[in-house]
Amino acid sequence: MASYSVDDFVGNGSLKELLPKLLDEGWDDVPTMKIMNSEDMEAIEMTQQQKAALEIRTYLHDNALMQYGDKLEASSKCLPELFKLSIEDLSTQFGMKRGHIARFMNRLGAFQDPLPKSSATPVRKIASTPSKNNSIFKSYAWDNSNKMQNISSARSKSIPDKSVEPSLADSKIQNGYVFKGIVASEPAEPRAWGCVQPPPVVDEVAPFSAIENISFQKLTPEYKIGMERLVNTKMPSMKASELWRDKPAVLVCIRRPGCVMCRAEVYQLYARKPVFEGLGFQLIAVLHEHIESEVRDLWPRYWGGMVIFDKGMEFFKALGGGKLLKEKFLSGFAFNPRAIANYKRAKAMGIEQNCKGKGEIKGGLFIIGKGKSGIAYQFIERNFGDWAPLAEVIEICTRLQVN
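All of the points below concern the structure found in this document. Since the model is a prediction, treat every value here as computed from it, not as a measurement.

Across its full length, the protein chain carries 18 helices and 8 strands. With the model as given, the accessible surface of the protein chain reaches about 18100 Å², and the carbon-plus-sulfur share is 51%.

As structure tokens, then:
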């Protein structure tokens, strides 16, 4: 899977010499660089070679083929010219494997979320799916053909038409309203022919008091060009309310950073960073154990947002209504068709994995309003590898931003 490290993205080609200027102009992370348009390129005086290189690398990054970036760029061919090459040319000239050639030539869609619709069970409906005419849906579902659109246009798409009919009537999101929150999770499915019962999940959102005083340690900042790979000095403990004091936040609680399903989840979430940034939201990953090698593997390859360490596992307890949601491998994975489908979806993305750390404590996601607004949304990982639906997360962030 392609890395979110800027050094890995630009490689050793013509974009490398442009890094200082990119940093100076605010194009300082991979998701943001990928939505540059021709006007943005002209503004920083990109050469034609650099424009072609950015288009090639954006396409390769979307399709998890970054290992061919330097070779393809060195050919001096633009992306449309590369598409015209034969299978034999791609194999002999660039050493591209046959399966990778098929992926490279499939220009209809990015290499994302390959789980067949027939394998997916819809979450309990709590919000209508955004219409395809809704501007936030367009930001969420953009394809390769428009990734190079104007950055200002992309950010403006993050702000929907206020005439859109509200889909969160129960939460009554209004100015000054203290959000009561919404709980969502994948539905429970029969396991082992009904012999194994799925664990219950809470039906009420965690009270704001359960999370606002949590003590945490910051392990990494938000990733930018030229930043140290990790925070070198041990950071002091902080209170959770500091995280969203000035800016609302999306917190994703990771079950285990080496898990292929967890890595796939955060990778997909961080890919939409420009959308969340346009809505004014920060992205934060929460770990319940600190294994430095695992943090180094996760950040910024799969996740470029801030990473924090919740030593007391308080965020994870809040997801479970005050207690940790835990499940054994046998009942939670081996006998669970939904978890197996989640695993296949993640593996198909070409993500590496390991078995380091505790994998029985389930995670989830919080959307937290600015200041003392409260928890607006809570998603629980009922089955190993469940993701909060991105369209739903973006829609709820949109409602909060508009109001």
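This is not the end of the story, as more comes after the structure.
Residues Phe104, Trp303, Leu365, Ile367 and Tyr377 are the most contacted members of the largest nonpolar core, which totals 88 residues. Sort the elements by how many residues they give to this core and helix α12 (residues 260–271) lands first, with 9 residues. Residue assignment places this core across two domains, with domain 1 (6–105) and domain 2 (192–402) each supplying three or more. When sequence neighbours within four positions are dropped, the list of residues in contact with phenylalanine 104 reads Tyr59, Leu60, Leu65, Leu72, Leu79, Leu82, Phe83, Leu90 and Met96. Counting residues in hydrophobic clusters, the runner-up holds 29 residues, among them Val205, Leu243, Ile284 and Ile375.

Tallied over the full model, the rule gives 11 aromatic pairs. Plain terms: the ring middles of tyrosine 270 and tryptophan 303 are 5.7 Å apart, the flat faces sit at 55° to each other, and that makes the pair tilted. In this pair, tyrosine 270 is assigned in helix α12 and tryptophan 303 in the loop between α14 (292–298) and β6 (306–309), connecting sequence segments 33 residues apart. In this structure tyrosine 270 comes out as buried when scored by relative accessible area, which is 1%. Pairing phenylalanine 333 with tyrosine 343 gives two aromatic rings, centres 5.7 Å apart and planes at 85°, and the pair type is edge-to-face. In this pair, phenylalanine 333 sits in helix α16 (residues 329–334) while tyrosine 343 sits in helix α17 (residues 337–347), placing the two residues 10 residues apart along the sequence. For tyrosine 343, a relative accessible area of 27% gives the class partly exposed. Three or more aromatic residues joined by ring pairs make a cluster, and in this case those are Tyr4, Tyr267, Tyr270 and Trp303. The ring of tryptophan 387 has arginine 345 lying over it, and the distance from NZ or CZ to the ring centre is 3.7 Å. Residue placement shows lysine 362 over the ring face of phenylalanine 384; its charged tip is 5.2 Å from the ring centre.

The subject of this paragraph is the packing of helix α8 (residues 87–94) against helix α9 (residues 98–105). α9 packs onto α8 with a crossing angle of 120° between their chain directions and a minimal axis gap of 10 Å. When the axes of α8 and α9 are compared, the pair comes out oblique. The way α8 lies across α9 gives a crossing that is right-handed. Facing Ile87, Leu90 and Ser91 of α8, the residues of α9 in contact are Arg98, Ile101, Phe104 and Met105. Of the residues that constitute the contact of α8 with α9, the class distribution is 5 nonpolar, 1 polar and 1 charged.

Bringing α9 into the picture now. Side chains three or four residues apart in an α-helix point the same way, a direct result of the helix having 3.6 residues per turn. When we look at burial in α9, the residues that qualify are His100, Ile101 and Phe104. Angular distribution of buried residues about the axis of α9 spans 105°; they occupy a single face of the element. Of the exposed residues in α9, the ones pointing more than 90 degrees away from its buried face are Arg98, Gly99 and Ala102. Of the surrounding secondary structure, the elements contacted by the buried residues of α9 are α5 (48–62), α6 (69–74), α7 (79–83) and α8.

In this section: the layout of surface pockets. Volume-wise, the second largest pocket comes out at about 310 Å³. Lining the second largest pocket are 14 residues; nearest its centre among them are Arg255, Arg256, Met261, Phe329 and Gly359. At the level of secondary structure, the elements contributing two or more residues to the lining of the second largest pocket comprise α12 and α16. Here the lining of the second largest pocket is composed, by residue class, of 8 nonpolar, 3 polar and 3 charged.

We now examine the sheet that holds strand β8 (residues 375–380). Strand pairing in a sheet relies on backbone hydrogen bonds. The paired strands run either parallel or antiparallel. The mixed open sheet is built from 8 strands, whose spatial order is β1-β8-β7-β4-β5-β6-β2-β3. Two strands lie at the open edges of the sheet, namely β1 (183–185) and β3 (237–239), each paired on one side alone. The sheet shows a mean angle of 30° between the axes of neighbouring strands, taken without regard to direction. Sheet topology places strand β2 (residues 215–220) next to β6; 3 bridges connect them, and they run antiparallel.

Among the structural elements, valine 402 can be located in helix α18 (residues 390–402). Sequence separation of valine 402 and leucine 279 is 123 residues, and the distance between their C-alpha atoms is 8.5 Å.

Take the side chain of asparagine 342 next. Note that asparagine 342 resides in helix α17. When its relative accessible area of 1% is taken as the criterion, asparagine 342 is described as buried. Ignoring sequence-local partners within four residues, the contact set of asparagine 342 consists of Met261, Asn383, Phe384, Gly385 and Asp386.

Each value, and the rule that gives it
- Residues numbered from 1 in each chain as written.
- Predicted model: local features only at pLDDT ≥ 70, side-chain atom pairs only at ≥ 80, totals over all residues.
- Heavy atoms only, no water.
- Helix = DSSP H or I, 4+ residues; strand = E, 2+ residues; numbered from the N terminus.
- Areas by Shrake-Rupley, 256 points an atom, 1.4 Å probe, with all protein chains shown as cover.
- Core = buried A, V, L, I, M, F, W, Y, C linked by side-chain atoms within 4.5 Å.
- Buried < 20%, exposed > 50% of the residue type's maximum accessible area, 1.4 Å probe, protein only.
- Domains from an automatic or database assignment.
- Contact = heavy atoms within 4.5 Å.
- Phe/Tyr/Trp six-rings, centres within 6.5 Å; stacked < 30°, edge-to-face > 60°.
- Lys NZ or Arg CZ within 6 Å of the ring centre and 35° of its normal.
- Axes fitted to C-alpha atoms, helices over the stretch in contact; angles between N-to-C directions.
- Parallel < 35°, antiparallel > 145°, perpendicular 65-115°, else oblique.
- Left-handed = near helix turned anticlockwise from the far one by under 90°.
- Nonpolar A, V, L, I, M, F, W, Y, C, P; charged D, E, K, R; others polar.
- Arc of directions from axis to C-beta.
- 1 Å grid on protein atoms, 1.4 Å probe; cavity = no way out; pocket = protein on both sides within 12 Å on 5 of 7 lines; lining within 4 Å.
- Points joined across faces, edges and corners; volume = space filled by probe spheres on them.
- Pairing = 2+ DSSP bridges.

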